[in-house]
Amino acid sequence: MRKLVDAYGAGITTVLLLLVAIWTLGMVIAPQATMLDQSLWSLERGTADLTVEIDRTYNELSTAKYDYEHSKDAEARLALDIRIQGLTQKIAELELKEKRPDKVYGLQNYTRMTDIHLQIFMKTIFYAVMVTLLALVVCYPVAYMAALASSGLRATLLLLALVIPYALNELLRIYAWLMILDYQGVINGVLEWFGVTDLAARRWIPFLESPAAVFMAMVYTYVLFMVFPIYNTLETLDRNQIEAARDLGASVPRIHARVIIPHAKPGIAVGCIMTFMLSAGSYSVPQIMTRGQGGDWFSQLVYRQFFEANNWNIGAAYAFSLLAACMVFVFLVMTVFGIRLKDIAR
Amino acid sequence: MATHGRDVHLKAVSVTFGTFTAVAPNHLEVKAGEFFSILGPSGCGKTTLLRVISGFLSPTAGRVLIGGTDMTDLGPNERPTALIFQNLALFPLMTVAENVAFGLEARGVGRKERRRRADELLDLVALSGMGDRMPGQLSGGQRQRVAVARALAVEPAVLLLDEPLSALDLKLRQHMRAELKTIQRRTGVTFIYITHDQSEALAMSDRIAVMNAGRIEQVDTPDRLYALPATPFVAGFVGEQNSYRGRVVETADGYAAVDTPIGRIRGRAAQPVAVGAAALAMVRPERVGLVGDRETANRFEAHLTNRVLEGPVVTHEFAMDGGTMVAQAPNLGIRSHWLASVHAIGFDADDAVVFPVEASDA
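Parameters at a glance
- Residues numbered from 1 in each chain as written.
- Chains lettered and ligands numbered in written order.
- Predicted model: local features only at pLDDT ≥ 70, side-chain atom pairs only at ≥ 80, totals over all residues.
- Heavy atoms only, no water.
- Pairing = 2+ DSSP bridges.
- Helix = DSSP H or I, 4+ residues; strand = E, 2+ residues; numbered from the N terminus.
- Axes fitted to C-alpha atoms, helices over the stretch in contact; angles between N-to-C directions.
- Domains from an automatic or database assignment.
- Contact = heavy atoms within 4.5 Å.
- Buried area = accessible area lost by both parts, 1.4 Å probe.
- Salt bridge = Lys/Arg side-chain N within 4 Å of Asp/Glu carboxyl O.
- Polar contact = N/O pair within 3.5 Å; in protein donor to acceptor, adjacent residues only side chain to side chain.
- Nonpolar A, V, L, I, M, F, W, Y, C, P; charged D, E, K, R; others polar.
- UniProt positions renumbered as here; feature names shortened; annotations may be inferred.
- Parallel < 35°, antiparallel > 145°, perpendicular 65-115°, else oblique.
- Left-handed = near helix turned anticlockwise from the far one by under 90°.
- Buried < 20%, exposed > 50% of the residue type's maximum accessible area, 1.4 Å probe, protein only.
- Disulfide = S-S within 2.5 Å.
- Expected span 1.5 Å × (residues − 1).
- Arc of directions from axis to C-beta.
- 1 Å grid on protein atoms, 1.4 Å probe; cavity = no way out; pocket = protein on both sides within 12 Å on 5 of 7 lines; lining within 4 Å.
- Points joined across faces, edges and corners; volume = space filled by probe spheres on them.

What follows deals with the sheet that holds strand E8 (residues 190–195) of chain B. Residue and element names in this part refer to chain B. Read from one edge to the other, the open sheet built from 6 strands follows the order E6-E7-E8-E3-E9-E10, with strand pairing classed as mixed. Two strands bound the open sheet, and with one partner strand each, they are strand E6 (81–84) and strand E10 (215–220). When strand polarity is set aside, the average angle formed by the axes of neighbouring strands in this sheet is 20°. Here 5 bridges tie strand E9 (residues 207–212) to E10, and the two strands are oriented antiparallel to one another. Among the inter-strand pairings, Ile-208 is bridged to a residue of E10, identified as Asp-220.

This is the structure:
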């Protein structure tokens, strides 16, 4: 605090702190709190019974009114009048209850998840783990090449080649994969030349219906989030350590296992966490790649709860479950890799 | 320690990077079990030469023989050499014992045996009981010893050291010199030691190669190197000297007389010189003394202009007709007879060296 004031002066420090406070409160705490609150209540409309009862009361009211009009006995008319007033009152109460249902707090939004939704939830977590592992397998060699095994120019070109596609919109990159893997896409087209597929006869390989298509597009979409953290940590490795290990007779796999990967651990952990979070929460990739042909990802379910079922409470509960799962993953990764928050913040 | 050093033989080894010649074709023979230093200024190619011997760099031309076997095409992990890096390159995420035993781990030695050998080596380098520390917890000198132990663990026949003491302070450096020398004697491993510090090379080595601009200028024992430098560069790089340019007026039996601005200087000819050729005469400050009435090959009348007390030695600066001369003498305390201002100073012909130089330089 003292240091900030010394470095920037009181004015800028105040502005900075204010911005941080606004950001933390307005962009992080408030939305999350609202979400949490939303997920913890639901409106009890009393289900179908209420509607039936309103209908029945209306019927009784009609009968009573008919009787009232055709009755000549003054005593009977008085009794009917009281009854009509009572029924009207009851209808008003019932309709009010239907219009303004009770807000009931509880965990019902979480426990009400259907089996099929739970299945999709588990599947999504599993898929996200797969995407993360796949991205790690693809990105570690790339990061290694760029950071340690290439001369300056080649490393620069390699990184440029990675960064340039990111100048394109994410959706365009996904559509590019769609065009490659589509039924009448590039691969099926090439295979037609070899007689494997026949597009006119609708004989093609349905790449898009396999989860692998989503994996592939997703790995490509989030590749940088894995490459750069690993690249950054590898950059700081003293190359002499690699040479020393080699000089002492270590094989290439052993050098990676004992010297390079231990050093890159914080970067690998950060990359895994970012890739997992992004892919577990990715909506556009599964939505565009599967077009409803493959199974849903959980993020699509959340979307539908909010914007199609218009049930924000369930949506919030689903979103929160996903967040919780991600948090568990983060702590798991940190425990497995034996790193602390301090290492990640570097 | 069952290891025994092997000899290293470089045959016409050269290294060029593009158009830049880092190492000119050099021959070098290092004997088995020798403490051999390669001395030279930074950028002279000594580290490049070391990388060629260790196998990290293939020479552009020439062959590398270790123990009589041609190893030019073998990688660093296939050679009986171990390299100690300038920055040591200890593995910071492994314990000291794991560091030391890494080479054994790579050779598939079991965990228990590895630990036993690591402890043995840590005893050798006086780090008993430090096996479970991390390198970051050690002092500079201790890390140095871990690096030595790690390199010795693979029982190399040749240990290559790339200025490993340069990061230590003076006192520790002097201590480590003695320790390295002791370890070398005890293990019998051939040490090839790279340094730019002439006192380090003189203090430890059995023999020294002096390198300049990719070329080995002289290979000799420290004593001979110091007393009989083969080239002006060697004379200049190893120790202090007074040097005077002039022309050769007389040669006889490996000696030459040179007429210089301060007068005639007689000295040993480092290389054959011709009468009339341009030459450089050099004499070490500590070889210059008061001659009094004594007959000597080189004698000058000079007066003392400055006297610098350096503790055990005193540096005297003299001026004479045509130039100056520095003389260094042991500190004789207040009995010193150098205090008078005019002196007859001089040195024997054997104490001066005459080099031929390019005429344009003269």
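All names here are of chain B. Here chain B is partitioned into domain 1 (8–234) and domain 2 (240–361). When each unit is reduced to the centre of its C-alpha atoms, the spacing between domain 1 and domain 2 is 38 Å. Contacts between the two partners involve 8 residues from domain 1, matched on the other side by 9 residues from domain 2. Summed over both partners, the interface of domain 1 with domain 2 buries about 720 Å², with 55% contributed by carbon and sulfur atoms. For domain 1, the biggest contributors to the area lost against domain 2 are Tyr-226, Pro-229 and Pro-232; these three give 63% of the whole. At the junction of domain 1 and domain 2, the tally comes to 0 salt bridges. In this structure, the connection of domain 1 to domain 2 is made through 3 residue pairs in polar contact (both at pLDDT 80 or more). When residues of the side of domain 1 that touches domain 2 are assigned to their parent elements, the largest contribution, 3 residues, is made by helix H8 (residues 222–227). Considering only residue class, the side of domain 1 that touches domain 2 consists of 7 nonpolar, 1 polar and no charged.

Here we take up the UniProt feature "domain: ABC transporter" (unreviewed entry) in chain B. Sites flagged by UniProt as "domain: ABC transporter" (unreviewed entry) map to residues 8–238 of chain B. When the span residues 8–238 of chain B is considered, its composition is 36% helix and 26% strand, and the gap between its end C-alpha atoms is 24 Å.

Attention now goes to the pairing of strand E1 (residues 8–17) of chain B. Two faces, one strand: in a regular strand the side chains alternate between the faces of the sheet. Summarising the sheet, E1(B) and strand E2 (residues 20–30) of chain B pair through 7 bridges and their orientation is antiparallel. Counted as the bridge partner of His9(B) is Glu29(B) from E2(B).

Buried accessible area, meaning the area lost when the parts come together, often serves as the stated size of an interface. Facing the 25 residues of chain B at the interface are 16 residues of chain A. Of all residues in chain B, Phe56(B), Phe102(B) and Glu105(B) give up the largest surface area on contact with chain A, accounting jointly for 24% of the area buried on that side. Across the chain B-chain A interface, the total number found is 4 salt bridges. Arg254(A) is paired through a salt bridge with Glu105(B); the nearest N and O atoms lie 3.0 Å apart. At the level of elements, helix H1 (46–54), E6, helix H3 (102–106) and helix H5 (140–153) of chain B are the ones that each hand at least two residues to the side of chain B that touches chain A. Partitioned by chemical class, the residues of the side of chain B that touches chain A number 15 nonpolar, 5 polar and 5 charged.

Residue and element names in this part refer to chain A. Taken N-terminus to C-terminus, the directions of helix H5 (residues 115–149) and helix H6 (residues 152–163) make an angle of 150°; their axes are 8 Å apart at the nearest point. As the angle between them shows, H5 and H6 are arranged roughly antiparallel. Read as a crossing pair, H5 and H6 show a hand that is left-handed. For the pair H5 and H6, the contacting residues are Val-142, Met-145, Ala-146 and Ala-149 in the first and Arg-154, Ala-155, Leu-158, Leu-159 and Leu-162 in the second. Its residues placed into classes, the contact of H5 with H6 shows 8 nonpolar, no polar and 1 charged.

The subject of this paragraph is the environment of Pro222(B). All names here are of chain B. Tracing the sequence through the fold places Pro-222 in helix H8. Given a relative accessible area of 13%, Pro-222 falls into the buried group. Each C-alpha atom of the pair Pro-222 and Arg-79 lies 29 Å from the other, and the pair is 143 residues apart in sequence.

This next bit is on the UniProt feature "domain: ABC transmembrane type-1" (unreviewed entry) in chain A. If you check UniProt for "domain: ABC transmembrane type-1" (unreviewed entry), the listed places come out as residues 121–335 of chain A in our numbering. For residues 121–335 of chain A, the helix share is 77%, the strand share is 0%, and the end-to-end C-alpha distance is 23 Å.

In this section: unusual backbone geometry. Residues and elements named next belong to chain A. A positive phi angle, close to 55°, is found at Arg-202, a residue other than glycine. Along the chain, Arg-202 turns up in the loop between helix H8 (186–193) and helix H9 (211–235). Of note, the phi angle at Asn-310 is positive, near 55°, even though the residue is not glycine. Along the chain, Asn-310 turns up in the loop between helix H13 (298–307) and helix H14 (312–337).

If you walk through the whole model with that rule in mind, you get 0 disulfides over all chains. As a non-bridged cysteine, Cys139(A) has Cys272(A) as the owner of its nearest cysteine sulfur, 9.5 Å distant.

Partitioning chain A into structural domains gives domain 1 (1–39), domain 2 (46–100) and domain 3 (113–345). Taking only C-alpha atoms, the centre of domain 2 of chain A and the centre of domain 3 of chain A are 63 Å apart.

You can see Asn298(B) is positioned in strand E16 (residues 298–309). For Asn298(B), the contacting residues outside a window of four places in its chain are Arg264(B), Ile265(B), Arg266(B), Ile345(B), Gly346(B), Phe347(B), Asp348(B) and Ala349(B).

Now for the pattern of salt bridges. All names here are of chain B. Summed over all chains, the structure comprises 27 salt bridges over all chains. The partner of Arg-117 in a salt bridge is Glu-155, with the nearest N and O atoms 3.6 Å apart. Linking Arg-117 in helix H4 (residues 111–124) with Glu-155 in the loop between H5 and strand E7 (158–162), this pair joins segments that are 38 residues apart in sequence. With relative accessibility at 18%, the residue Arg-117 sits in the buried group. A salt bridge links Asp-351 to Arg-287, with the nearest nitrogen and oxygen atoms 3.1 Å apart. In this pair, Asp-351 sits in the loop between strand E19 (342–347) and strand E20 (352–356) while Arg-287 sits in the loop between strand E14 (278–283) and strand E15 (289–290), placing the two residues 64 residues apart along the sequence. Judged by relative accessible area, which is 17%, Asp-351 ranks as buried.

On to helix H7 (residues 170–181) of chain A. Residues and elements named next belong to chain A. Under the 1.5 Å per step criterion, the end-to-end length of H7 is 17 Å for 12 residues, consistent within 8% with the ideal 16 Å. Restricting attention to buried positions, one finds in H7 the residues Arg-173, Ile-174, Trp-177, Leu-178 and Leu-181. For H7, the buried positions fall inside an angular range of 150° around the axis, keeping them on one side. Looking at H7, the residues exposed on the side facing more than 90 degrees away from the buried face are Leu-172 and Met-179. On its buried face, H7 is in contact with H8, H9 and helix H12 (284–290). Where H7 begins, one side-chain oxygen reaches toward the backbone nitrogen of Leu-171, 2.7 Å away; that side chain belongs to Asn-169.

Next up on the list: the packing of H6(A) against H9(A). Residues and elements named next belong to chain A. Packing of H6 against H9 leaves a shortest axis separation of 10 Å and a crossing angle of 150°. As summarised for this structure, H6 and H9 are arranged roughly antiparallel, according to the angle between their axes. Between H6 and H9, the residues in contact are Leu-159, Leu-162 and Val-163 and Val-223, Leu-224, Val-227, Phe-228 and Tyr-231, respectively. Taken together, the residues of the contact of H6 with H9 sort by class into 8 nonpolar, no polar and no charged.

Attention now moves to the layout of surface pockets. Residue and element names in this part refer to chain A. Here the second largest pocket is characterised by a volume of approximately 360 Å³. Around the second largest pocket, the lining residues are Gln-32, Met-35, Met-277, Gly-281, Tyr-283, Ser-299, Val-302, Ala-319, Phe-320, Leu-322, Leu-323 and Cys-326. Within the residue set of the lining of the second largest pocket, elements represented by two or more residues are helix H1 (2–39), H13 and H14. Of the residues forming the lining of the second largest pocket, the biggest block, 5 residues, is contributed by H14. Residues that form the lining of the second largest pocket fall into these classes: 9 nonpolar, 3 polar and no charged.

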